[in-house]
Amino acid sequence: MKKAILLSIILIILGSCASIPKNDLDNSFDTLIEKPNFNYQIKLLPEQFNIYYFQKNKVEAIPSEIQGFLANLYFYRNKIQYSPKIKIIPIKDSNCDNQERRGGFSIVFDSTKIQNRKAGNCEEILPKSDTLYIANNPKNSEKFEYSFLVSRESEKKALMNRIKDSDQRFIVIDSLETNDAEDIVNALNKNNKEIVQMATFTESISSQDLFSDLMMADRSKDRTRKLSRRISRQLASDTRVRDDIESFFFSVGLRDARNLKPALDYVSAKEFNVFMLNSWGQDEIYTDSENDLEGTFNSDMPIMLPILLPEYIPNTKRNRKFAIGYDSFEISMLLLGGVDTKDLIYKGLSGKIRINRKSIEREPYIFKIQNDGIELLD
């Protein structure tokens, strides 16, 4: 019965199988996602995968990470007739002690935030060898043989590295969802940048009012009104804004960014370098025409960009967790399939992944939104 359910889930997730171009180190929108071109030694691949995930509640759908893992497995089942056994193992603090070593190779997805979860309780009983540990922070990663860390911290660092020396004075804006303005300020300070002001964008204040305050546009209007009253004559004047700001750093969701950037342009009537760190709170996809974000520097996973996905991945699965699960299977194939993983680059759904034996690092892409579309920078 369980096998039948698992098979039906795979068939729902996936469409027809298709080949993917060979790995090319040149970056373009056509080559952001590419499978490695290797003849894997099937005898070296595990006969069984144990997929652990932390369960939020008793009844829930299979997590997107596992759906991504199964999607890539389906590809290889058709491509090289590789069909390992799959055991999906939900774990909670209450049943951690009942877990046991099951043989084969283990994948641990530890990116789900569970309220009141006891730190370290479940990790201690999980298999450490022959295990790929996937998480959004490095807290427990050193305990496992392999680890794949995926967080927006990589995107933040990539954006920071894109900042030029001429960008010296910043305003930082976060949201209630991200609440990380202070962390960004500290990172910018370490790069010798000056923070003029920071603010949090909320629904209680309009974006135009926010920038009117930050850019001191209202002070210009007040001075004009006061002078008009003093001379008893209506004066016409252009609104002036502060000129000591060079750049902005947004840490918000894509929807908020589409609201903030036009308001900044309207209030200031000036061009600034705007660095946009996506909140990852929602799986909002960038579109071919992002007029509201024109001129912004961004960093994100390839799966969130308006590019063609492999035919066997439905567009409905365009989300970051699916990408992480998909890449975790590919990484396992590279680590275990008789491939020399010294300085190997795999272009996955979550970014450019560098594998050097047991070291696995994800590099995001940087792109700038122009009036004629999205320009890939790195």
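Anything mentioned here points back to the structure above.
Here the structure is a predicted model, which is why all the values come from computation and not from measurement.

Undergrad: Explain the pattern of salt bridges here, please?
TA: It is possible for side chains bearing opposite charge to pair when their charged atoms get close. Throughout the structure, instances matching the rule amount to 13 salt bridges. Put simply, Glu194 and Arg169 hold a salt bridge, and the shortest N to O gap is 2.7 Å. Separated by 25 residues along the polypeptide, Glu194 in strand β7 (residues 194-201) and Arg169 in strand β6 (residues 169-175) bring together distant segments of the chain. Taking the shortest distance from any N to any O, the salt bridge between Lys261 and Asp265 comes out at 3.0 Å.

Undergrad: I tried to follow the packing of aromatic side chains on my own but got confused; where do I start?
TA: The relative placement of two aromatic rings is captured by the distance of their centres and the angle of their planes. Per the stated rule, a full pass over the model turns up 20 aromatic pairs. Between Phe105 and Tyr146, the ring centres sit 6.2 Å apart and the planes meet at 50°, which makes this aromatic pair tilted. Of this pair, Phe105 sits in strand β3 (residues 105-110) while Tyr146 sits in strand β5 (residues 146-149), and the two are 41 residues apart along the sequence. Summarising the aromatic geometry, the rings of Phe275 and Phe297 are spaced 5.2 Å apart at their centres and angled 20° between planes, so their arrangement reads as stacked. Of the two residues, Phe275 is situated in strand β9 (residues 273-278) and Phe297 in strand β10 (residues 296-300); the sequence distance between them amounts to 22 residues. For the pair formed by Phe275 and Phe297, the shared burial category is buried. One aromatic cluster is present, built from ring pairs that chain together Phe38, Tyr40, Phe49, Phe69, Phe75, Tyr76, Phe105, Tyr146, Tyr312, Tyr326 and Phe329. Over the aromatic face of Phe75 sits the side chain of Lys35, whose NZ or CZ is 4.5 Å from the ring centroid.

Undergrad: Explain the sheet that holds strand β2 (residues 85-91) here, please?
TA: The parallel open sheet is built from 5 strands, whose spatial order is β2-β1-β3-β4-β5. Every interior strand has two partners, whereas the edge strands, β2 and β5, have only one. Across the sheet, the mean angle separating the axes of adjacent strands is 15° when strand polarity is ignored. As defined by bridge partners, strand β4 (residues 131-135) adjoins β5 across 4 bridges and the pair is classed as parallel.

Undergrad: Just to check I follow, could you spell out the sheet that holds β6 for this structure?
TA: Strand pairing in a sheet relies on backbone hydrogen bonds. The paired strands run either parallel or antiparallel. The sheet built from 7 strands is open, its strands ordered β7-β6-β8-β9-β10-β14-β15 with mixed pairing. A strand with exactly one partner marks an edge of an open sheet, and here the two such strands are β7 and β15 (373-376). The average undirected angle you get between the axes of adjacent strands in this sheet is 25°. Pairing of strand β8 (residues 247-252) with β9 involves 6 bridges; the strand directions are parallel.

Undergrad: Explain unusual backbone geometry here, please?
TA: Residues other than glycine predominantly adopt negative phi, and peptide bonds predominantly adopt the trans conformation. Despite not being glycine, Gln81 shows a phi value in the positive range, around 55°. When you line up the elements, Gln81 lands in the loop between α2 (64-79) and β2. The phi torsion at Arg357 lies on the positive side, around 60°, for a residue other than glycine. Relative to the assigned elements, Arg357 resides in the loop between β12 (352-356) and β13 (359-363). On the accessibility criterion, Arg357 (52% relative accessible area) is exposed.

Undergrad: Mind showing me how you'd approach the pairing of β4 here?
TA: Here is the key point about a regular strand: its side chains alternate between the two faces of the sheet. The element β4 is extensively covered by neighbouring structure, given that 5 of its 5 residues are classed as buried. The alternating pattern of β4 places Thr131, Tyr133 and Ala135 and Leu132 and Ile134 on opposite faces, both of which are buried. Pairing geometry for β3 and β4, over 5 bridges, is parallel. Across the sheet, residue Ser106 finds its bridge partner in β4, namely Thr131.

About the criteria used
All residue numbers refer to positions counted from 1 along the written sequence of the respective chain. Local features in a predicted model are, by the rule used here, given only for residues with pLDDT of at least 70; side-chain atom pairs are given and counted only at 80 or more, and totals for whole chains, interfaces and linings are based on all residues. Derived side-chain values reflect all non-hydrogen atoms in the structure, with water molecules and hydrogen atoms excluded from consideration. Definition used for salt bridges: Asp or Glu carboxyl oxygen within 4 Å of a side-chain nitrogen of Lys or Arg. The numbering of helices and of strands both runs from the N terminus, where a helix is a DSSP run of H or I of at least 4 residues and a strand a run of E of at least 2. Only Phe, Tyr and Trp rings are paired, with Trp represented by its six-membered ring, and only when their centres lie within 6.5 Å; those with planes under 30 degrees apart are stacked, over 60 edge-to-face, the remainder tilted. Each residue is assigned to one of three classes by its accessible area relative to the maximum for its type, calculated with a 1.4 Å probe on protein chains only: buried under 20%, partly exposed between the two thresholds, exposed over 50%. Note on criteria: charge over ring means Lys NZ or Arg CZ within 6 Å of the ring centre, with the direction from the centre no more than 35 degrees off the ring normal. In short, DSSP must find at least two bridges between two strands for them to pair. Between N-to-C directions, angles cover 0 to 180 degrees, with each direction set by a line fitted to C-alpha atoms, over the stretch in contact for helices.

Limitation: the analysis is restricted to geometry and does not speak to function.
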